[in-house]
Amino acid sequence: MADGLPVIVALFIVAYFATHKTELYDLVNYMNTMFKWHSAHGLTNMTMSQSYKTAKTFAYLYTACTLFSVATYALLPVIAYLLFGKPLEHWIYMDATNNFSLVLILLRQCMSQAFVGLAIGQLGVFFACHSILLCGQIDLLCCSLRNVRFTALLLKGVQHGTLVKQYCGIEQEERHNYLYNKSEMVESHYHYDEKVNIKFKTTNQFDIYSSEYEEATCSALRECAAVARVIKLYKDRFESFVSPLLVLRVVQVTLYLCTLLYTTSEKFDMVTVEYLAAVVLDMFIYCYFGNQITLQSDRVSSSAYHSGWYCCGKRGRCLLLNVLLSHHRSEVVRAGNFLPMDLHTFLKILKTSFSYYTLLVNVNEK
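Residues numbered from 1 in each chain as written. Predicted model: local features only at pLDDT ≥ 70, side-chain atom pairs only at ≥ 80, totals over all residues. Heavy atoms only, no water.

Draft legend 1. Local environment of the nonpolar core. Formed by 78 residues in total, the largest nonpolar core has its most connected members in Leu145 and Met283. If we skip the residues at most four places from it in the chain, Met283 touches Arg249, Val250, Val253, Met341, Phe346 and Ile349. One finds Leu43, Phe150, Leu163 and Cys311 within the second-largest nonpolar core, a separate group that totals 14 residues. (Core = buried A, V, L, I, M, F, W, Y, C linked by side-chain atoms within 4.5 Å. Buried < 20%, exposed > 50% of the residue type's maximum accessible area, 1.4 Å probe, protein only. Contact = heavy atoms within 4.5 Å.)

Draft legend 2. Local environment of helix H2 (residues 21-34). Between its first and last C-alpha atoms H2 spans 20 Å; for 14 residues at 1.5 Å apiece the expected length is 20 Å, and the two agree. Among all positions of H2, only Leu24, Leu27, Tyr30 and Met31 are buried. Relative to the axis of H2, the buried residues are bounded by an arc of 125° and lie together on one face. Away from its buried face by more than 90 degrees, H2 exposes Thr22, Tyr25, Asn32 and Thr33. (Helix = DSSP H or I, 4+ residues; strand = E, 2+ residues; numbered from the N terminus. Expected span 1.5 Å × (residues − 1). Arc of directions from axis to C-beta.)

Draft legend 3. Molecular detail of the packing of aromatic side chains. Under the criterion given, the structure shown has 20 aromatic pairs. Both rings, one in Phe17 and one in Phe241, keep their centres 5.6 Å apart while their planes meet at 70°; by these two values the pair is edge-to-face. Linking Phe17 in helix H1 (residues 4-19) with Phe241 in helix H8 (residues 214-266), this pair joins segments that are 224 residues apart in sequence. With respect to class, Phe17 is no different from Phe241; both count as buried. When the ring of Phe58 is compared with that of Tyr62, the centres are 5.4 Å apart and the planes differ by 10°; the resulting orientation is stacked. Of this pair, Phe58 and Tyr62 both sit in helix H3 (residues 49-84), separated by four residues, roughly a single helical turn. There is no split in this pair, since Phe58 and Tyr62 are both buried. Members of the aromatic cluster, each reached through a chain of ring pairs, are Phe12, Tyr16, Phe17, Tyr30, Phe35, Phe126, Phe127, Tyr234, Phe238, Phe241 and Tyr286. (Phe/Tyr/Trp six-rings, centres within 6.5 Å; stacked < 30°, edge-to-face > 60°.)

Draft legend 4. Broad picture of the UniProt feature "transmembrane region" (unreviewed entry) in the protein chain. The residues that UniProt annotates with the feature "transmembrane region" (unreviewed entry) are residues 58-84 and 114-134. Secondary structure content for residues 114-134 is 100% helix and 0% strand, and the end C-alpha separation is 29 Å. (UniProt positions renumbered as here; feature names shortened; annotations may be inferred.)

Draft legend 5. Layout of the environment of Thr263. As for its placement among the helices and strands, Thr263 is situated in helix H8. Judged by relative accessible area, Thr263 falls into the partly exposed class, the value being 36%. Between the C-alpha atom of Thr263 and that of Tyr357, which follows or precedes it by 94 residues, the distance is 9.9 Å.

Draft legend 6. Focus on the pattern of salt bridges. Going through the model one piece at a time under the given rule, you end up with seven salt bridges. Residue Arg315 pairs with Glu215 through a salt bridge whose shortest N-O separation is 2.9 Å. With Arg315 in helix H10 (residues 314-326) and Glu215 in helix H8, this pair connects stretches of sequence that are 100 residues apart. For Arg315, a relative accessible area of 43% gives the class partly exposed. The class for Glu215 is partly exposed, based on a relative accessible area of 42%. When the shortest N-O distance is used, the salt bridge between Arg249 and Asp282 registers 1.8 Å. Here Asp282 lies in helix H9 (residues 270-305) and Arg249 lies in helix H8, a separation of 33 residues in the sequence. (Salt bridge = Lys/Arg side-chain N within 4 Å of Asp/Glu carboxyl O.)

Draft legend 7. Structural view of unusual backbone geometry. Phi is positive for Tyr192, close to 55°, though the residue is something other than glycine. You can see Tyr192 is positioned in the loop between strand S1 (190-191) and strand S2 (194-195). Residues other than glycine seldom take positive phi values, yet Asn337 does so here, at roughly 60°. Relative to the helices and strands, Asn337 is located in the loop between strand S3 (334-335) and strand S4 (339-340).

So, in structure tokens, the structure goes:
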């Protein structure tokens, strides 16, 4: 059972991606066309460059870790047999009395483990990278929300340097409010992804409470609401696509941890322990990055609260209230549309696996 589960799961993952490639292409195309690269033109500005860099780095690092785990599980038993004469593992169901047989065994095991490791590992990369980019887009929304009043002032001709002199402490306040992107108090030449014409910015005098900025503030809030809708739709599409795979992984990891724990308790083996740690880490990736989406989505409301709403008129406050009401619930990615992927679920998986392991031990002892 312990040997067969990863193979079955890997085959299902590959088959699922092959049969749902249209949905996958639509998901990626939606991200490429609808996600913004620049935040709204404000006192503080950011781009998606840091989140894209983080996603790319994680993809390379996690793939390397997966290949290392695969190589360890496949090669160490054969190396131990060749150097120390230790008996081969139970997955070698053939006579290995000559070098040619060993080469065939090694090739077969390496190929099968590489297939399993890459199929399961790349699903983790897919989930984590899309979660990072989704959190990066939420960072962009939070930055834009915090700057709605400043966006209105800047687009109405107030100079960026004038605002910096009066509100220079805002950059420090925003320092710990973003996960993957970083806001900077430098003038941007973009309002979202559209070029801003800066030659008309000649005003040094302004009243941040003036009603002349009300229409521009309402426009900035509508654009933030549009970005929020894009994020919500993308999260729903992403969840719909990965939900069946997440259910499969949760069930497989729960059973697999149980069998690996039992195997380790019966016969301590460093290769099995390493594989056990790799399985736990793999499940942690899903729960950790799912938890990141939930945490960052909760910050949308606080960003709206720090948007300078007290400077807005009645229309601006009503629009801001609509944004707050639309984000009163956290964005959660669920497995099978019922099990939230967060750190609490990760602990539940570990507890359930240990409970099954205890039951298995008690049954065998009787």
